[in-house]
Amino acid sequence: MTTDSSVRVSVLGLGAMGGALAGALVESGYATTVWNRSPGKADDLVARGAEAAATAGDAVRSGRLVIACLLDHDSVHEVLDPLRDELAGRTLINVTTTSPAQAREFAAWAARAGVAYLDGGIMAVPSMIGRPGSSILYSGSAEVFHEYEPLLGVWATSTYFGEDPGLASLYDMALLAGMYVMFAGFMHGAAMVAPAGVTAGEFAARATPWLTAMTGALEGLAAVVDGGDYTVDGQQSLEFSSLDDLLTASSDQGISTEAVAMVQRLIQRQIDAGHGGEGFARIIESIKQPG
Ligand code: NDP
């Protein structure tokens, strides 16, 4: 396990996130080489103690651990494909956001090139890096994860999901799905009250404690799903959960009903299949089996 700061780390990509990751390493005393495609982004890091590499190849050659935080999967290939030979025998931790399939594809590329590979999914915004609440999910080489766990701890709470390199990305995408649908629900509510002269800020002050309280229901819903019995007493039934009133109220406000209609369709498909008396958690069956 690498517990000291003697390892030299090379960070490729100094955008908002890559810059934050490199900055946290520098502040923690890691010898850090940085590289960015366009000039200028390394200046602040160099002033704080990082070394700037003129090319991605120079950065890769300068250390045995390489961190890639580029825009997307294609940009990682664009930068690293020509450096395949230089990377051989080194370790690559790729925290660029990719799909699970892309993470697996890149892990296979790394295996062919003789590169030890760990894939990461960042559950934080740049300002959270190095602070409580920041979380990064990893999958791929267990050896790499355990060797560099102290270094990864500089950025965030680290969680390792297993050798399948696509797992971190799968969790990342699943958590983001929950976030985006919740944000869309918030925006729907804000649009509903706007014609009544309520600002989005005023609505947020109401929505925050409400949605926070509602997250308390997730474990109960999960227990029903995992138990596989949607008839268990105490659940809100699908018929009771009809969103017709909500759709009507939205139309009356002159706004789009799309966000709420999506949920109503998931409910209705289960009612149509004869499960109206069963619990709301059953909408997961509509999601698992595309209509
Ligand atoms: P930015 O847009 O700020 O930076 C993108 C970086 O990728 C820049 O360094 C850019 O270089 C580089 N880049 C893009 N295309 C290429 C290319 N073809 N060749 C070489 N370099 C390239 O993005 P972020 O730093 O915010 O995000 C980086 C990764 O982190 C993404 O995958 C993102 O999804 C992920 N992430 C970001 C979060 C955030 O809140 N920002 C949150 C969670 C994950 P150049 O400066 O030359 O354009």
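What you see is a predicted model, and the numbers here were worked out from it, not measured in a lab.

Let us now look at the site of the ligand. Neighbouring residues of the ligand: 22 residues in total, closest Met17, Asn36, Ser38, Lys41 and Thr97. Within the side chain of Thr97, one N or O atom sits 2.7 Å away from an oxygen atom of the ligand. Protein chains bury 77% of the 900 Å² of accessible surface belonging to the ligand in isolation. Counting residues per element, the ones that place at least two in the shell around the ligand are helix H1 (16-27) and helix H4 (73-80). Within the shell around the ligand, the residues separate by chemical class into 11 nonpolar, 8 polar and 3 charged.

What follows covers the sheet that holds strand S5 (residues 91-94). Within a beta sheet, neighbouring strands are joined by backbone hydrogen bonds and run either parallel or antiparallel to one another. Taken in spatial order, the 8 strands line up as S3-S2-S1-S4-S5-S6-S7-S8 in an open sheet, and their pairing is mixed. Looking along the sheet, the strands with just one partner apiece sit at the ends: strand S3 (51-52) and strand S8 (157-160). Strand direction decides the pairing type here: strand S1 (residues 8-12) and strand S4 (residues 65-68), joined by 4 bridges, are parallel. Directly across from Leu12, in S4, lies its bridge partner Ala68. Contacts from helix H6 (residues 100-113) reach S5 and strand S6 (116-123), with the element oriented near 155° to S6.

Moving on to the nonpolar core. Ile93, Ile129, Tyr138, Leu151, Leu152 and Trp155 are the most contacted members of the largest nonpolar core, which totals 35 residues. Every element with two or more residues in this core is listed here: S1, H1, S4, S6, strand S7 (135-140), helix H7 (142-147) and helix H8 (149-152). The element best represented in this core is H1, accounting for 7 residues.

A word on the pairing of S4. Of the two faces of S4, both are covered, the one formed by Leu65 and Ile67 as well as the one formed by Val66 and Ala68. Pairing between S4 and S5: 4 bridges, direction parallel. Residue Ile67 lies in a different strand from S5, and its bridge partner there is Ile93.

This paragraph deals with helix H11 (residues 218-227). Because an α-helix packs 3.6 residues into every turn, residues spaced three or four apart end up facing the same way. Little of H11 is tucked away, with 1 of its 10 residues classed as buried. Phi turns positive, to about 75°, at Gly228, one or two residues after H11.

Here we take up a nonpolar patch on the surface. A contiguous nonpolar surface patch, about 330 Å² in accessible area, is contributed by Tyr180, Met182 and Phe183. Tracing the sequence through the fold places Tyr180 in helix H9 (residues 167-193).

So, on to the side chain of Gln270. With respect to the secondary-structure elements, Gln270 resides in helix H13 (residues 258-275). Overall, Gln270 belongs to the buried group, its relative accessible area being 6%.

This part takes up the domain arrangement of the protein chain. Domain boundaries assigned for the protein chain yield domain 1 (8-170) and domain 2 (199-288). Its C-alpha centre places domain 1 at a distance of 39 Å from the equivalent point of domain 2.

Right, let's get into the packing of aromatic side chains. The tally for this structure, following the rule as stated, stands at 6 aromatic pairs. Ring geometry for Phe106 against Tyr117: centres 5.7 Å apart, planes inclined by 45°, an arrangement best described as tilted. Pair noted here: Phe106 is in helix H6 and Tyr117 is in strand S6, with a separation of 11 residues, a long-range link. On the basis of relative accessibility, which here comes to 1%, the residue Phe106 falls in the buried class.

Another aspect to go through is the environment of Leu221. With respect to the helices and strands, Leu221 occurs in helix H11. Excluding its chain neighbours within four sequence positions, the residues that come into contact with Leu221 are Phe280 and Ala281.

Next up on the list: the pattern of salt bridges. Taken as a whole, this structure holds 8 salt bridges when the rule is applied. Between Glu51 and Arg8 there is a salt bridge whose closest N-O contact spans 3.5 Å. Taken as a pair, Glu51 in strand S3 and Arg8 in strand S1 lie far apart in primary sequence, 43 residues in all. Between Arg104 and Asp164 there is a salt bridge, with its nearest N and O atoms 2.9 Å apart. You can see Arg104 sitting in helix H6 and its partner Asp164 sitting in the loop between S8 and H9, a full 60 residues away along the chain. In this structure, a network of salt bridges that share partners links the residues Glu27, Asp44 and Arg48.

Conventions we followed
- Residues numbered from 1 in each chain as written.
- Predicted model: local features only at pLDDT ≥ 70, side-chain atom pairs only at ≥ 80, totals over all residues.
- Heavy atoms only, no water.
- Near = heavy atom within 4 Å.
- Polar contact = N/O pair within 3.5 Å; in protein donor to acceptor, adjacent residues only side chain to side chain.
- Areas by Shrake-Rupley, 256 points an atom, 1.4 Å probe, with all protein chains shown as cover.
- Helix = DSSP H or I, 4+ residues; strand = E, 2+ residues; numbered from the N terminus.
- Nonpolar A, V, L, I, M, F, W, Y, C, P; charged D, E, K, R; others polar.
- Pairing = 2+ DSSP bridges.
- Contact = heavy atoms within 4.5 Å.
- Axes fitted to C-alpha atoms, helices over the stretch in contact; angles between N-to-C directions.
- Core = buried A, V, L, I, M, F, W, Y, C linked by side-chain atoms within 4.5 Å.
- Buried < 20%, exposed > 50% of the residue type's maximum accessible area, 1.4 Å probe, protein only.
- Patch = residues over 30% accessible without salt bridge, like charges linked within 9 Å, V, L, I, M, F, W, Y side chains within 5 Å.
- Salt bridge = Lys/Arg side-chain N within 4 Å of Asp/Glu carboxyl O.
- Domains from an automatic or database assignment.
- Phe/Tyr/Trp six-rings, centres within 6.5 Å; stacked < 30°, edge-to-face > 60°.

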